[in-house]
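What follows is each chain in one-letter form.
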Amino acid sequence: MTADSDRQIRELLETRTRAFGRRDAAGAAADYADDLVLYDAVGAFVRRGEDPADRLEEWIPSYRTGIGHEIRDLEITAGADLAFCHFLVRVSGTMRDGTEVGMWVRATSCLRRQGDTWTIVHEHASVPFDADTGHAVLRGEL
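Residue numbering note: each chain is counted from 1, following its sequence as written. Residue-level local features of this predicted model are given only where pLDDT is at least 70; pairs of side-chain atoms are given and counted only at 80 or more, and the full residue set underlies all totals for whole chains, interfaces and linings. Calculation of side-chain values draws on the structure's entire complement of heavy atoms; hydrogens and water are dropped beforehand.

(A) Examining the sheet that holds strand S2 (residues 47-48) more closely. Note on pairing: two strands pair once DSSP finds at least 2 bridges between them. Only runs of H or I of at least four residues qualify as helices and only runs of E of at least two qualify as strands under DSSP, and these elements are numbered from the N terminus. Within the open sheet, the six strands sit side by side as S2-S1-S6-S5-S4-S3. Their pairing is mixed. Two strands bound the open sheet, and with one partner strand each, they are S2 and strand S3 (68-78). For strand S1 (residues 32-39) and strand S6 (residues 117-126), the ladder comprises four bridges, and the chain directions are parallel. The residue bridging Leu-38 from the neighbouring strand is Glu-123, located in S6.

(B) Broad picture of the packing of aromatic side chains. Aromatic pairs are defined between Phe, Tyr and Trp rings, using the six-membered ring for Trp, whenever the two ring centres lie within 6.5 Å; interplanar angles under 30 degrees are classed as stacked, those over 60 as edge-to-face, and all others as tilted. Taken as a whole, this structure holds two aromatic pairs when the rule is applied. Relative to Trp-59, the ring of Phe-20 has its centre 5.8 Å away and its plane inclined at 85 degrees; by these criteria the two rings are edge-to-face. In this pair, Phe-20 sits in helix H1 (residues 3-22) while Trp-59 sits in helix H3 (residues 52-59), placing the two residues 39 residues apart along the sequence. Only protein chains enter the area calculation, which uses a 1.4 Å probe; residues under 20% of their type maximum are buried, those over 50% are exposed, and those in between are partly exposed. On the basis of relative accessible area, Trp-59 is assigned to the partly exposed category, the value being 26%. Look at Trp-59 and Tyr-63: their rings are 5.4 Å apart centre to centre, the planes differ by 75 degrees, and that puts the pair in the edge-to-face class. Under the relative-accessibility criterion, Tyr-63 is labelled buried at 3%. Counting every residue linked through ring pairs, the aromatic cluster contains Phe-20, Trp-59 and Tyr-63.

(C) Region of the structure containing unusual backbone geometry. Positive phi outside glycine occurs at Arg-23, with the angle close to 65 degrees. Even without being glycine, Asp-73 reaches a positive phi, approximately 60 degrees. In this structure, Asp-73 sits in strand S3. Overall, Asp-73 belongs to the partly exposed group, its relative accessible area being 47%.

(D) Here's a closer look at the side chain of His-69. Structurally, His-69 can be placed in strand S3. We define a polar contact as two N or O atoms separated by no more than 3.5 Å, with the added condition that, inside protein, one atom must be a possible hydrogen donor and the other a possible acceptor, whereas residues neighbouring each other in sequence contribute only through side-chain atom pairs. At a separation of 2.8 Å, a polar atom in the side chain of His-69 contacts the side chain of Thr-17. Contact criterion: two residues are considered in contact whenever any of their non-hydrogen atoms come within 4.5 Å of each other. Contacts of His-69, omitting those with residues within four sequence positions, involve Arg-16, Thr-17, Phe-20, Val-89 and Arg-90.

(E) How the structure looks around the pairing of S3. Strand direction decides the pairing type here: S3 and strand S4 (residues 82-94), joined by nine bridges, are antiparallel. In the strand pairing of S4, His-69 is matched with Val-91. The turn joining S3 and S4, which pair antiparallel and follow one another in sequence, is formed by three residues.

So, to be careful, I would describe these as geometric facts and stop short of saying anything about function.
Next comes the structure, spelled out in structure tokens:
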């Protein structure tokens, strides 16, 4: 992996984090590829061929505040034209109904380089669950 690829991918993720804070769906979705395959923690098991900005334009307004999007433990592996990264992300903010959100999500992003630009072609987000109760584990020590 080149230092330039690492820098570009980190900047791509940081740009999305800033877009969530501004409640900017188009900005948060700008680096998704047209043929994105999304395994989201919310909603359908798999999304293909959808405009990811549409999904974000539905989700973001459910927050009264900007959405905190803190990335932790980011690891990137990149080849010439393909890369993947995995990390934890803390989503936080206040929902329209006053509910305070503060939860950790596991994420993996797969990227493809076309020319000098990296785009996300696959993203997977999930939360662990308690095997005894079947309930999602959204808070706790990492």
